[in-house]
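Chain and residue survey
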Amino acid sequence: DSAGVSGVSQAGDHFGSALAFGDFDGDGAGDLAVGAPGESAGGAANAGAVWVFYGSTAGLHAGREQVFDQDNLPGGDGGTRSSASPASAVRFAAR
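Numbering of residues starts from 1 in each chain and follows the order in which that chain's sequence is written. At least 70 in pLDDT is required for a residue's local features to be given in this predicted model, at least 80 for side-chain atom pairs to be given and counted, and no such filter applies to totals for whole chains, interfaces and linings, which use all residues. For side-chain calculations, the full set of non-hydrogen atoms in the structure is used, while hydrogens and water are omitted.

1. Quick word on the environment of G16
With respect to the helices and strands, G16 occurs in the segment before β1 (18-22). The sequence separation of G16 and A33 amounts to 17 residues, and the corresponding C-alpha distance is 8.8 Å. Whether two residues are in contact is decided by their heavy atoms, any of which lying within 4.5 Å being enough. Residues within four places of G16 in sequence aside, it is in contact with V34 and G35. Numbering of helices and strands runs from the N terminus; a helix is a DSSP stretch of H or I covering at least four residues, while a strand is a stretch of E covering at least two.

2. Thoughts on unusual backbone geometry
Even without being glycine, H14 reaches a positive phi, approximately 60°. Counting through the fold element by element, H14 comes out in the segment before β1.

3. What to know about the pairing of β1
Only protein chains enter the accessibility calculation, which uses a 1.4 Å probe. A residue is then buried if its area is under 20% of the maximum for its type, exposed if over 50%, and partly exposed in between. Alternating positions in β1 separate cleanly, A18, A20 and G22 being buried on one face and L19 and F21 remaining unburied on the opposite face. Pairing geometry for β1 and strand β2 (residues 31-36), over five bridges, is antiparallel. In the strand pairing of β2, A20 is matched with A33. One bridge is not enough; two strands pair if DSSP finds at least two bridges between them.

And the structure:
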């Protein structure tokens, strides 16, 4: 667990196994997306999640993050399923 980062670490989360860097909010500062493909969500094991840490001219801010999982992805159906990780999207975006 880390101060300023939402959620609780779980064995097998694999937090950080997928990373992408870019200006996700269009403010001109670098942001970091961190995937955790093994994160459990909504009672489903290995559902996966992505944390986006937004930056500024001073750097990244742990307290200014947004978490995406199958329940809150734009265009998602709100149904959380095991082994259907949105964290794979981070791997795709990083290529």
